[in-house]
Amino acid sequence: MKSESLVVRPWQHGDFALLAAAAPKLSERTLRLRFWGAVPTLPPSYLRSTEQRWPRLWDAVTAVDGGELIGWAEYGRNAAQPDTADVAVCVIDVEQGHGVGTALVDLLVERARGAGLVSVHADIAPWNEPARRVWTRVTGTRAPTYALAG
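Definitions and cut-offs
- Residues numbered from 1 in each chain as written.
- Predicted model: local features only at pLDDT ≥ 70, side-chain atom pairs only at ≥ 80, totals over all residues.
- Heavy atoms only, no water.
- Salt bridge = Lys/Arg side-chain N within 4 Å of Asp/Glu carboxyl O.
- Helix = DSSP H or I, 4+ residues; strand = E, 2+ residues; numbered from the N terminus.
- Buried < 20%, exposed > 50% of the residue type's maximum accessible area, 1.4 Å probe, protein only.
- Contact = heavy atoms within 4.5 Å.
- 1 Å grid on protein atoms, 1.4 Å probe; cavity = no way out; pocket = protein on both sides within 12 Å on 5 of 7 lines; lining within 4 Å.
- Points joined across faces, edges and corners; volume = space filled by probe spheres on them.
- Nonpolar A, V, L, I, M, F, W, Y, C, P; charged D, E, K, R; others polar.
- Phe/Tyr/Trp six-rings, centres within 6.5 Å; stacked < 30°, edge-to-face > 60°.
- Lys NZ or Arg CZ within 6 Å of the ring centre and 35° of its normal.
- Pairing = 2+ DSSP bridges.
- Axes fitted to C-alpha atoms, helices over the stretch in contact; angles between N-to-C directions.
- Parallel < 35°, antiparallel > 145°, perpendicular 65-115°, else oblique.
- Left-handed = near helix turned anticlockwise from the far one by under 90°.

**Student:** How should the pattern of salt bridges be read in this particular structure?
**Tutor:** Pairing between side chains of opposite charge can happen when the charged atoms of each approach one another. Under the criterion given, the structure shown has six salt bridges. Of the charged contacts, one joins E68 and K25 as a salt bridge, the two residues approaching to 2.4 Å between their closest N and O atoms. Taken together, the residues E68 in strand β3 (residues 68-77) and K25 in the loop between α1 (15-22) and α2 (28-35) connect sequence positions 43 residues apart. What makes K25 partly exposed here is its relative accessible area of 38%.

**Student:** So what exactly am I meant to see when it comes to the side chain of S119 here?
**Tutor:** Inspection of the secondary structure assignment puts S119 in strand β5 (residues 119-121). Discounting residues that sit within four places of it in the chain, S119 has contacts with D83, T84, A85, T145, Y146, A147 and L148.

**Student:** Could you clarify how one ought to interpret the layout of surface pockets in this entry?
**Tutor:** It is the rolling of a water-molecule-sized probe over the atoms that shows where space remains empty. As a volume, the largest pocket reaches approximately 930 Å³. Together, 43 residues line the largest pocket, and A88, V89, C90, N128 and A131 are the ones closest to its centre. Of all elements in the fold, only α2, α3 (44-53), β3, β4 (84-91), α4 (100-114) and α5 (129-139) reach the threshold of two or more residues within the lining of the largest pocket. Split by residue class, the lining of the largest pocket holds 22 nonpolar, twelve polar and nine charged.

**Student:** Sorry if this is basic, but what is going on with the packing of aromatic side chains here?
**Tutor:** A ring pair, where both rings are aromatic, is described by two values, the distance of the centres and the angle of the planes. Under the criterion given, the structure shown has six aromatic pairs. Judged by centre distance (5.3 Å) and plane angle (85°), the rings of W11 and W58 are edge-to-face. Within this pair, whereas W11 is found in the loop between β1 (6-10) and α1, its partner W58 is found in strand β2 (residues 58-65), the two being separated by 47 residues in sequence. Each member of the pair, W11 together with W58, is buried. With centroids separated by 5.8 Å and ring planes inclined at 35°, the aromatic side chains of F16 and W58 adopt a geometry described as tilted. Of the two residues, F16 sits in helix α1 while W58 sits in strand β2, which places them 42 residues apart along the sequence. Judged by relative accessible area, W58 falls into the buried class, the value being 1%. These aromatic residues form a ring-pair network of at least three members: W11, F16, W54 and W58. Sitting over the face of the ring of F35, R34 holds its NZ or CZ atom 4.3 Å from the ring centroid.

**Student:** What is the right way to look at the sheet that holds β5 in this model?
**Tutor:** Here six strands make up an open sheet; going across it, the order is β1-β2-β3-β4-β5-β6 and the pairing mixed. The open sheet has two edge strands, β1 and β6 (145-147), and neither has a second partner. Strand after strand, the sheet turns through a mean of 20° between neighbouring axes, direction not considered. Alignment of β3 against β4, held across seven bridges, turns out to be antiparallel. By the bridge assignment, E74 is partnered in β4 with A88. Running over the sheet, α1 touches β1, β2 and β3 and is turned about 115° from β3.

**Student:** Mind showing me how you'd approach the packing of α4 against α5 here?
**Tutor:** Two quantities define a packed helix pair, namely the angle between the helix axes and the distance between the axes. Where α4 contacts α5, the axes come no closer than 9 Å and their chain directions differ by 45°. Taken together, the axes of α4 and α5 are oblique relative to one another. Crossing hand, α4 versus α5: right-handed. Counted together, G101, T102, V105, D106 and V109 of α4 and V134, W135, R137 and V138 of α5 form the full contact between these two elements.

Structure below.
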């Protein structure tokens, strides 16, 4: 991470507005990798649903630099097994490759563990090697599910 003003921290209510403001800095490629489909911009329905579920069913950590959100990592609890969650991470294009994703996933895993989750799962596209490296670096495995308990 290159900036001395970068802060990686747990999500706060005001971060929903920061996320909406960061949307133009996310390319269609980045959005496709995060949302597994062609989305031209950050979906408004995503912003609404995460705000409605936060913090009980959805939680996140964020990277903020100079008051601007540059990335976030999130987990959403699984309805059938609420002690497990699916995770995702997204970093604005110009900050990719600078260690932000690794810092976010590292803090998110610790936050999930502290919230009582027993495992987290990440679906990472086979061609998204940078994300695979982040996951492996943080969890120590290429397996998509990572046990937090035990």
